[in-house]
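# Structural overview for review
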Amino acid sequence: MKSLLYFFFLLFVNLSYSQSSTQQILSFAYEGGNITHPGLSFGYSLSIKQLQNWVVLTGAKIGFYYHHNYQTAIFLLPKFEIDHIGETGFLYGVEVGFGPQRTFIPHVYEVD
């Protein structure tokens, strides 16, 4: 499982443009809490307004994460994002989104 995740990470890291000036942005990200809880997400954002150093985007993200012996989840996250590009080219932003998540909990407890 880990080798498959590493393969996809190496495959898509060159195809994703996270700091692009185009109107449409595709993203690929690691969603895990740390290296022992892996997860991936794919996203699409569309620029709806551009000001001098600010960009307002809307989009969606779909992904999953896996916690061994705890839970596995898939999610869909519609989002709204505001980014600021500084004079040095440093980009930072805030994104807010709400969406459904489906978790799969392994057989942990037994009821008598």
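Refer to the structure printed above.
To start, this report covers the structure provided alongside it. (Residues numbered from 1 in each chain as written. Predicted model: local features only at pLDDT ≥ 70, side-chain atom pairs only at ≥ 80, totals over all residues. Heavy atoms only, no water.)

A separate point is the pattern of salt bridges. For side chains bearing opposite charge, pairing can occur when the charged atoms are close. Enumeration over the complete set of coordinates arrives at four salt bridges. Between Glu95 and Lys61 there is a salt bridge, with its nearest N and O atoms 3.2 Å apart. Taken together, the positions of Glu95 in strand β5 (residues 91-97) and Lys61 in strand β3 (residues 54-67) put the pair 34 residues apart, joining distant regions of the chain. Overall, Glu95 belongs to the partly exposed group, its relative accessible area being 36%. For Glu95, the salt bridge is made with Lys79, and the minimal N-O distance between the two is 3.3 Å. One end of the pair, Glu95, is in strand β5; the other, Lys79, is in strand β4 (residues 71-85), and 16 residues separate them in sequence. Shared partners join several salt bridges into a network, and the residues in it are Glu31, Lys61, Lys79, Glu81 and Glu95. (Salt bridge = Lys/Arg side-chain N within 4 Å of Asp/Glu carboxyl O. Helix = DSSP H or I, 4+ residues; strand = E, 2+ residues; numbered from the N terminus. Buried < 20%, exposed > 50% of the residue type's maximum accessible area, 1.4 Å probe, protein only.)

A cluster of nonpolar residues, Leu26, Tyr44, Leu46, Ile48, Leu51, Trp54, Phe80 and Ile82, forms a patch on the protein surface that exposes about 750 Å² of accessible area. Those elements that provide at least two residues to the nonpolar patch are β2 (39-50) and β4. A total of three residues in the nonpolar patch trace back to one element, the largest contributor, which is β2. Mapped onto the secondary structure, Leu51 falls in the loop between β2 and β3. A residue is classified by how much of its surface remains accessible, and Leu51, at 52% relative accessible area, is exposed. (Patch = residues over 30% accessible without salt bridge, like charges linked within 9 Å, V, L, I, M, F, W, Y side chains within 5 Å. Areas by Shrake-Rupley, 256 points an atom, 1.4 Å probe, with all protein chains shown as cover.)

On the secondary structure map, Ala60 appears in strand β3. The exposure class of Ala60 is partly exposed, given its relative accessible area of 31%. For Ala60, the contacting residues outside a window of four places in its chain are Phe42, Gly43, Tyr44, Leu77, Pro78 and Lys79. (Contact = heavy atoms within 4.5 Å.)

Evaluated as defined, the whole model comprises two aromatic pairs. Ring plane angle 45 degrees and centroid distance 5.1 Å describe the contact between Phe28 and Phe42, whose orientation is recorded as tilted. One end of the pair, Phe28, is in strand β1 (residues 24-30); the other, Phe42, is in strand β2, and 14 residues separate them in sequence. Consider the rings of Phe90 and Tyr92, whose centres lie 6.1 Å apart with planes at 35 degrees: the pair is tilted. Judged by its relative accessible area of 56%, Phe90 falls in the exposed class. (Phe/Tyr/Trp six-rings, centres within 6.5 Å; stacked < 30°, edge-to-face > 60°.)

Another point: the environment of Leu57. Looking at where Leu57 falls in the secondary structure, it is placed in strand β3. Leu57 gets classed as buried once you look at its relative accessible area, which sits at 3%. Apart from residues lying up to four places away in sequence, Leu57 is in contact with Ile25, Ser45, Leu46, Ser47, Ile48, Phe80, Glu81 and Asp83.

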